[in-house]
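An overview of the molecular structure
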There are 2 protein chains.
Amino acid sequence: MLTLYYAAHTCSLASHIALLDAGADYELRRIDFSKTQQQSADYVKINPKARVPAMVTPRGTLTETPAMLAFIAQSFPGAQLAPFDDPFAFAELQSFNSYLCSTLHVAHAHRMRGHRWANDPASFADMQRKVPVSVGACFDLIEGSMLRGPWVMGSAYSIADPYLFTLAQWLEADGVDPKRIPRVTEHRSRMSERPNVTRAIAEELAN
Amino acid sequence: MLTLYYAAHTCSLASHIALLDAGADYELRRIDFSKTQQQSADYVKINPKARVPAMVTPRGTLTETPAMLAFIAQSFPGAQLAPFDDPFAFAELQSFNSYLCSTLHVAHAHRMRGHRWANDPASFADMQRKVPVSVGACFDLIEGSMLRGPWVMGSAYSIADPYLFTLAQWLEADGVDPKRIPRVTEHRSRMSERPNVTRAIAEELAN
């Protein structure tokens, strides 16, 4: 059994979808950001980073979406969610997910989490104004150089697809016009029609 | 043959050390940041992200340090730089490297690269002032919860070690007192005595 600690509308959705894609036996534990439950003493014992997602496994707790996605894929090889037997293809997949985590998600975080990197409310407002540019540049790169189609890595669906879908949920709120990146938008639409995606979103909102 | 595009004093050092640890056949290509060579038309053809590192392989080009490090480890299994046959242990290693990439390196980048996320020089100054706090908090977490010792993942040296060493090179410039994190500092000292580490640094400065 795997236990996923999540919050709705966050990047934990990527791992949630991947758990369904893998056919994993899992349970969900909601962390309520409106009550800053991610900073509670009980949760910090599970994840000292005080963030979501975290996944409790029989061997211990994992954090960081790229690592959790690869763990899900490697633990359920029958679902063929990552090419572990091909070091170059696996590295390309991990490179994509690493970019989402360290560049795209970070750019997005400057809209609401400026306090992580500055102190002055004027700086937060300046950061917020730049989000459409910085997030937009990431999506331009994904559109033009990284998304192969029909799935992120080409013909094979992989753990990169729920991750891109999850971060593309935030396009409009980040001030990026979806029409500017039609291939990303088409990928998002196709993902949103997958039963595991609608089920994951419904579970998060119902929980 | 692998070709590593690097710049001295950047995170490309981690992959460089790992190439030596792996016993890989490689060549170095220096990208001169003082001439903004990372944005040159020739280099952007190799890496559209206009950053280092990039590694050209017989199959294509890889970017993103966590993915490159895993590729090196998986391509040279004899060097035993990552536990690929143990999904949980491999995920723990990837989680560590992902944290360095997406949280520690990002916090550090706010000292010199504030323009990525804001426009106003006053915001850049505010970000710079916060770097000792934000980078310091990352190293506190590494010191207290993540670095197992003697190596990052415990008794086995891995691709996490050159990566932590590389980012710990920046401690003093980021305004973090090394005495505050004695285990990280001891790890850095032991790493700096490894022949592959002194060789990698010498090659980067000589090139």
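The model shown is predicted, which means the values in this text are computed figures rather than measured ones. (Residues numbered from 1 in each chain as written. Chains lettered and ligands numbered in written order. Predicted model: local features only at pLDDT ≥ 70, side-chain atom pairs only at ≥ 80, totals over all residues. Heavy atoms only, no water.)

So, the sheet that holds strand β2 (residues 26-30) of chain A
All names here are of chain A. With mixed pairing, four strands are arranged side by side in an open sheet as β2-β1-β3-β4. Both outer strands of the open sheet, β2 and β4 (60-63), are each paired with one neighbouring strand and no more. Strand-to-strand, the axes of this sheet are offset by a mean angle of 20°, without reference to chain direction. Two elements, strand β1 (residues 2-6) and β2, share five bridges in a ladder whose sense is parallel. Looking across to β2, one finds that Y6 is bridged to R30. (Pairing = 2+ DSSP bridges. Helix = DSSP H or I, 4+ residues; strand = E, 2+ residues; numbered from the N terminus. Axes fitted to C-alpha atoms, helices over the stretch in contact; angles between N-to-C directions.)

Things to note about the confidence of the model for chain A
Interpretation of the predicted coordinates at a detailed level should be avoided for regions scoring low in pLDDT. Averaged over all residues, the pLDDT of chain A is 97; the fraction at 70 or higher stands at 100%. The complex model carries a pTM of 0.98, and its ipTM stands at 0.97. (pLDDT = per-residue confidence, 0-100.)

Remarks on unusual backbone geometry
Omega for the peptide link from V52 of chain B to P53 of chain B comes to 0°, which places this bond in the cis form. In this fold, P53 of chain B is placed in the loop between α2 (41-46) and β3 (54-57). The amide bond that connects G149 of chain B to the next residue, P150 of chain B, takes the cis arrangement and shows omega of -5°. Structurally, the position occupied by P150 of chain B is in the loop between α5 (121-146) and α6 (160-168). A positive phi angle is found at Q80 of chain A, which is not glycine, with a value near 50°. In this structure, Q80 of chain A sits in the loop between α3 (65-75) and α4 (87-109). Residues other than glycine seldom take positive phi values, yet H9 of chain B does so here, at roughly 70°. As for its placement among the helices and strands, H9 of chain B is situated in the loop between β1 (2-6) and α1 (12-22).

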